[in-house]
Amino acid sequence: VPSFPARASRKMDRAMLEARPGGSDYIQRVPAVLSALTARLEDVSAKVAKMDMASTIEWCGSNIQDVVPTLHRAVKLQASLDYREKWLKALQYVLKLFASWLKGTGWVPLLHLSARMSDSSKTCSNARRLFVFGRWIKYIQDWRDAARERDADMRRRIRAEAACALGVDLMQDVITLEKAALIPSGTVPQWFERLAGFSEVLLAIAQLATGYVRSQRAEHELEVAESKRDVDLSPGAVEIMEGKVLLHKLLLLKYACDLCKGCNSSGLPVGVSDTRASLCALASAVISLHKTSGAIQG
């Protein structure tokens, strides 16, 4: 049995509903609404009961088969450390550009948000440093793999690229040790960071030289493939080669963006502002994402 306060509360609620415009009508309509809802639920239950269970299982199985490959590709991408690092790089420069735009508006309420975006960008940068810590090891293997290149000029270009990449990553690892507080603050001088930025410029130039030769080779292979389209090629071979040519051209654009970013990091007086450098870094990250995802998915 409800207590007196509960009964009083219910009476008050009923009085408030009746005091509304059309309140008493609303109360009278409640049973009809509940009855219609119950009838609708019974109708749905009847239709479900009449469904063919075999066809239902077959429908679910076909949809699961469509979902599983997509899920498998997503798991492979997320398992790649390089892919996640590129995502962080893209996010870092999106936040940095957005923070710069908010700050440029000069509107006081947005300055606090701009500071938060800038802090988030720095957090992404530090996380990326930990992701790529020790990456220089793979460039030793690249140096050894260059011996399989038949063209002597291309072999020198590959080794120059590997040497520059090795030096850049080693210097960045030293900077990471200080930023992660593993060595005392102030151990790494300012000129060392500028030298690391200048090394990125050299690396971008070496990558442009190597990437240009690879792009020319891919275009030549495509021309040969198109001349033999109806003879010896399997279906889709020309389309695959066209994709490779496009990828090599995108990589040339990426290396040019890395060159602009390196000029800004090293402080070279070439007129690359912070905003332009961030835009170039963002474009480089997007192209790297495309390349990495294609390599992982095959």
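Scroll up to find the structure.
Now for a description of the structure that goes with this document. Owing to the predicted nature of the structure, the values given are computational and were not obtained by experimental measurement.

Thresholds, definitions, all that
In this numbering scheme, every chain counts its residues from 1 along its sequence in written order. Totals for whole chains, interfaces and linings use every residue, but because this is a predicted model, local features are given only for residues with pLDDT of at least 70 and side-chain atom pairs only at 80 or more, for both listing and counting. With hydrogens and water excluded, all non-hydrogen atoms of the structure serve as input to the side-chain values. Within this scheme, the nonpolar core is defined by two criteria: the residues are buried Ala, Val, Leu, Ile, Met, Phe, Trp, Tyr or Cys, and they are joined through side-chain atoms within 4.5 Å. Note on classification: 1.4 Å probe, protein chains only; a residue is buried when its accessible area is under 20% of the maximum for its type, exposed when over 50%, partly exposed between these limits. Helix and strand assignments come from DSSP, with helices taken as H or I runs of at least 4 residues and strands as E runs of at least 2, each series counted from the N terminus. The criterion used for residue contact is that any of the two residues' heavy atoms lie within 4.5 Å. Paired rings are identified among Phe, Tyr and Trp, the last through its six-membered ring, by centres lying within 6.5 Å, and are further divided according to the angle between planes into stacked (under 30 degrees), edge-to-face (over 60) and tilted (the rest).

## Structural notes on the nonpolar core
Within the largest apolar cluster, seven residues are counted, these being L88, L95, A99, L102, L110, M117 and C124. Counting residues per element, the ones that place at least two in this core are α4 (81-105) and α5 (108-131). Looking at this core element by element, the count peaks at four residues for α4. In contact with M117, other than residues within four places in its own chain, are L95, F98, A99 and L102.

## Concerning the packing of aromatic side chains
The final tally for this structure, using the stated rule, is three aromatic pairs. Plain terms: the ring middles of F98 and W101 are 5.9 Å apart, the flat faces sit at 20 degrees to each other, and that makes the pair stacked. In this pair, F98 and W101 both sit in helix α4, three residues apart, roughly one turn of the helix. Judged by relative accessible area, F98 falls into the partly exposed class, the value being 36%. Summarising the aromatic geometry, the rings of W191 and F192 are spaced 6.0 Å apart at their centres and angled 75 degrees between planes, so their arrangement reads as edge-to-face. Residue classification places W191 among the exposed residues on the basis of a relative accessible area of 57%.

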